[in-house]
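Geometric and topological summary
The residues making up each chain are set out below.
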Amino acid sequence: MRLKLWTMSLSAAMLLNSAALAADMARSVTPDAKKIETESGWTLVFAPYFWGAGLSGDVAQFGLPAVHVDTSFSEIWDHLDFGAMAIGEARYDRYSIFGDVLYTKISGSKATPFGVLADDGKLETEVFSGLIGGGYSVLEDATGQLDVVGGARIWSVDTTISLQGGILDGRSRSDGDTWVDAVGGLKGSYSLTPNVYLSGWGLVGGGGADLDWDVAATLGYKFSETFSALVGYRAIGVDFENDGFEFDVVQQGPILGLVVHF
């Protein structure tokens, strides 16, 4: 049974990701090129995005030894049940508030080696990452800006193994944790032309985790006053361990998003 749980834990580690976990998240930067300003002076931006991230690092669950994971996004895609990622930002003069939300649900089934204790097992992993923070522009002109930002990020990871058939039919076991990190850093944007702009960010911190960081660089194109698109590359790292649960991973890969200006 212990061997089977170790095998399922390994599967869980392989399935965790951030188009998945996580996980992070901390996409506190909203690329902006000529944001639309409301009558009140606020500029509002909403951006759903896709992150094709692979996962590498060490994961430990169910009291078993840590397992090293090194898997690409293409390997995880087949097991992705649902994913939602979006950011939002509101700015007034040099001040800004922002949020970033990431949720994924990944599952997979696997037959047991002998089918005595159970016929098969199902593994489900749910990951939530949310960031809220604020910023202040220390540099700003007609072509771009540089902000100092800070905020809090919450992570929540939960994995459940359910058994069907055999002696252990209907049994299940869950493992996971929830923690909060304080993060801070810089984000900025620069317009190359009236329609093309660069943006990037770098955040680092900790709290519940020993280390939590997020860096990215993107290239954006403005189709109109309302819509923009962006493409780039993002990497997130988190090192968390508590009471036998360990999540010490780096997630990285290309990002693609649609930016809506209000």
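Since the structure is predicted, the reported quantities are computational estimates derived from the model, not experimental observations. (Residues numbered from 1 in each chain as written. Predicted model: local features only at pLDDT ≥ 70, side-chain atom pairs only at ≥ 80, totals over all residues. Heavy atoms only, no water.)

**Here's the deal with the overall build of the protein**
Helix and strand content of the protein: two helices and twelve strands. Going from the N terminus to the C terminus, the protein shows its helices and strands as α-β-β-β-α-β-β-β-β-β-β-β-β-β. Sorting the 262 residues of the protein into buried and exposed places 48% on the buried side. Element-wise, carbon and sulfur atoms account for 61% of the exposed surface of the protein, whose accessible area totals about 11500 Å². (Helix = DSSP H or I, 4+ residues; strand = E, 2+ residues; numbered from the N terminus. Buried < 20%, exposed > 50% of the residue type's maximum accessible area, 1.4 Å probe, protein only. Areas by Shrake-Rupley, 256 points an atom, 1.4 Å probe, with all protein chains shown as cover.)

**Considerations on the pattern of salt bridges**
Enumeration according to the criterion identifies eight salt bridges in this entry. Lys187 serves as the salt-bridge partner of Glu89, at 2.8 Å between the closest nitrogen and oxygen. On the criterion of sequence distance, the pair formed by Glu89 in strand β4 (residues 80–92) and Lys187 in strand β8 (residues 172–191) is long-range, its members being 98 residues apart. Like Glu89, the residue Lys187 is buried in the burial classification. (Salt bridge = Lys/Arg side-chain N within 4 Å of Asp/Glu carboxyl O.)

**Quick notes on the confidence of the model for the protein**
For the protein, mean pLDDT is 80; residues scoring 70 or higher make up 75% of the total. Put simply, helix α1 (residues 2–15) is where the protein has its lowest mean pLDDT, 37, and strand β9 (residues 196–207) is where it has its highest, 96. A low-confidence stretch, residues 1–37 stays under pLDDT 50, and its non-local contacts, those more than four residues away or across chains, total 174 contacts. (pLDDT = per-residue confidence, 0-100. Contact = heavy atoms within 4.5 Å.)

**Here's the deal with a nonpolar patch on the surface**
Among the surface-exposed residues, Phe50, Trp77, Tyr190, Leu192, Leu198, Leu219, Val231 and Leu256 lie close enough to one another that they form a single nonpolar patch of about 760 Å² accessible area. Here Leu219 shows up in strand β10 (residues 211–222). (Patch = residues over 30% accessible without salt bridge, like charges linked within 9 Å, V, L, I, M, F, W, Y side chains within 5 Å.)

**What about the pairing of strand β3 (residues 67–71)?**
Side chains of β3 alternate between two faces, with Val67, Val69 and Thr71 buried and His68 and Asp70 left unburied. Both strand β2 (residues 54–60) and β3 contribute to a ladder of five bridges, which runs antiparallel. Following the sheet pairing, Asp58 is matched in β3 by His68. (Pairing = 2+ DSSP bridges.)

**Focus on the nonpolar core**
Counting residues in hydrophobic clusters, the biggest one holds 28 residues, and the most contacted among them are Trp51, Trp179, Val238, Phe245, Phe247, Val249 and Val259. Elements with a minimum of two residues in this core: β1 (42–51), β2, β4, β7 (144–164), β9, β11 (227–242) and β12 (245–261). Ranked by residues supplied to this core, first place goes to β12 with five residues. With five residues, the next largest nonpolar core counts Phe98, Leu131, Val183 and Leu203 among its residues. (Core = buried A, V, L, I, M, F, W, Y, C linked by side-chain atoms within 4.5 Å.)

**Section: the packing of aromatic side chains**
All chains considered together, the criterion is met by eight aromatic pairs. Here the aromatic rings of Tyr221 and Phe223 are separated by 5.1 Å at their centres, their planes lie at 70°, and the arrangement is edge-to-face. Grouping aromatic residues by their ring pairs yields a cluster made of Trp155, Trp179, Phe240 and Phe245. Lying across the ring of Trp51, Arg234 places its NZ or CZ 5.0 Å from the centre. (Phe/Tyr/Trp six-rings, centres within 6.5 Å; stacked < 30°, edge-to-face > 60°. Lys NZ or Arg CZ within 6 Å of the ring centre and 35° of its normal.)

**A look at the environment of Thr226**
As for its position among the elements, Thr226 is in the loop between β10 and β11. Overall, the relative accessible area of 30% leaves Thr226 in the partly exposed class. Measuring from C-alpha to C-alpha, the distance between Thr226 and His261 comes to 4.8 Å, with 35 residues separating the pair along the chain.

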